[in-house]
Amino acid sequence: MEENKFSLKHYLVFFIMPLLSAVFYLKYMKSAERVIGLLMYVFICVIISALLWKAVSVVSSHFDIRKLNVTVITAAALAAIDHLIKLVLSKTGFETSIIGKYLMIKHSHNLNQNGIFNHLNIETSQLTMIFFKAAILAAVICLYKLFKSETARKAYVFVAASALANFLDTLFYGYTLDYVYFYKVMTYDLKDFYVDAGWSVIFMLIFINEIKKSKEKKKVI
């Protein structure tokens, strides 16, 4: 599905990742306030993912995102923006409420820096985490050639940007500065939105591809 076919209805795909996360957090929803925080998380993720996708689509409309140099520069620029925001916040200590206590700019140092490790309460050293993140980054780079269409390559840009930003966090700081706080649910940074945007589209493309394969098999039969 190319960008000229990425209509308004296709932006609903950005509900995929936040809704999957929301399912996990349902067991913690023991108050109305937490439910509001969770709903806030879902809709903010969708809005920011859609805006990020539109921004990369603008880049793609001027340059061929399928070219290696454009892909690398775009992913690096996104990772740089993530770090620039963290640098400004860490230097200024800026915190503020956006929507009451439900959506805030509030600093949180994520020392474990990995969602799976956090959920499983697995503690790791910085050196171990560096090797782990380096392996993920290497794997993402090796997967580059699998993303051939314009839509797939844009999704890859977000995945690569998040992997690079994650690796740099661990390499230079030993922690991740999360700052988009959803009341008693989670705290995000920009690269987390990259993950949501990229993987939502990838899941959609896999689903579409499986439907096409199923139709082709029926035609053969």
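What you are looking at is a predicted structure, and each value in this text was computed from that prediction instead of being measured.

**Q** Looking at this structure, I do not really get the overall build of the protein chain. What am I missing?
**A** For the protein chain, the helix and strand inventory stands at seven helices and four strands. Reading the protein chain from its N end, one meets helices and strands in the order α-α-α-β-β-α-α-α-β-β-α. Considering the protein chain as a whole, with its 221 residues, one finds that 44% of them fall into the buried category. Taking as baseline every contact in the protein chain between residues at least 6 positions apart, the subset at least 24 positions apart corresponds to 71%. Total accessible area on the protein chain is roughly 12600 Å²; 69% of this is exposed by carbon and sulfur atoms.

**Q** Is there a simple way to explain the pattern of salt bridges in this structure?
**A** Oppositely charged side chains may form a pair once their charged atoms are brought near each other. What the rule picks out here adds up to eight salt bridges. A salt bridge links arginine 66 to aspartate 64, with the nearest nitrogen and oxygen atoms 3.2 Å apart. A salt bridge links lysine 154 to glutamate 150; the shortest N-O distance between them is 3.9 Å. Of this pair, lysine 154 and glutamate 150 both sit in helix H6 (residues 150-172), separated by four residues, roughly a single helical turn. One salt-bridge network, in which partners are shared between bridges, spans Asp82, Lys86, Asp169, Asp189 and Lys191.

**Q** Teacher, can you tell me more about the environment of valine 180 here?
**A** With respect to the helices and strands, the residue valine 180 is situated in strand S3 (residues 176-182). When near neighbours in sequence (up to four residues on either side) are disregarded, valine 180 contacts Leu103, Met104, Met186, Thr187, Tyr188 and Phe193.

**Q** Even after reading the chapter, I still don't get the pairing of strand S2 (residues 103-110), so can you show me in this structure?
**A** Along any regular strand, the residues point their side chains to alternate faces of the sheet. For strand S1 (residues 96-99) and S2, the ladder comprises three bridges, and the chain directions are antiparallel. By the bridge assignment for S2, serine 97 is matched with methionine 104. Note: S2 against S3, six bridges, orientation antiparallel. Looking across to S3, one finds that histidine 109 is bridged to leucine 177.

**Q** When you look at the side chain of serine 57 in this model, what are you seeing that I'm missing?
**A** If you trace the backbone, serine 57 turns up in helix H2 (residues 32-62). Polar contacts involving the side chain of serine 57 include one to the side chain of lysine 154, which spans 3.2 Å.

**Q** Which parts of the structure should I look at to understand the packing of helix H3 (residues 68-92) against H6?
**A** Packed helices, taken two at a time, are described by the angle between their axes plus the distance between the axes. Running from N to C, H3 and H6 cross one another at 45 degrees; their axes reach a closest spacing of 8 Å. Classed by the angle they form, the pair H3 and H6 counts as oblique. Remark: the crossing between H3 and H6 carries right-handed chirality. The segment H3 lies against H6, with Thr71, Thr74, Ala75, Ala76, Leu78, Ala79, Asp82, His83 and Lys86 engaging Arg153, Tyr156, Val157, Phe158, Ala160, Ala161, Leu164, Ala165, Leu168 and Asp169. Residues of the contact of H3 with H6, tallied by class, amount to twelve nonpolar, three polar and four charged.

Reading the values: the criteria
Residues numbered from 1 in each chain as written. Predicted model: local features only at pLDDT ≥ 70, side-chain atom pairs only at ≥ 80, totals over all residues. Heavy atoms only, no water. Helix = DSSP H or I, 4+ residues; strand = E, 2+ residues; numbered from the N terminus. Buried < 20%, exposed > 50% of the residue type's maximum accessible area, 1.4 Å probe, protein only. Contact = heavy atoms within 4.5 Å. Areas by Shrake-Rupley, 256 points an atom, 1.4 Å probe, with all protein chains shown as cover. Salt bridge = Lys/Arg side-chain N within 4 Å of Asp/Glu carboxyl O. Pairing = 2+ DSSP bridges. Polar contact = N/O pair within 3.5 Å; in protein donor to acceptor, adjacent residues only side chain to side chain. Axes fitted to C-alpha atoms, helices over the stretch in contact; angles between N-to-C directions. Parallel < 35°, antiparallel > 145°, perpendicular 65-115°, else oblique. Left-handed = near helix turned anticlockwise from the far one by under 90°. Nonpolar A, V, L, I, M, F, W, Y, C, P; charged D, E, K, R; others polar.

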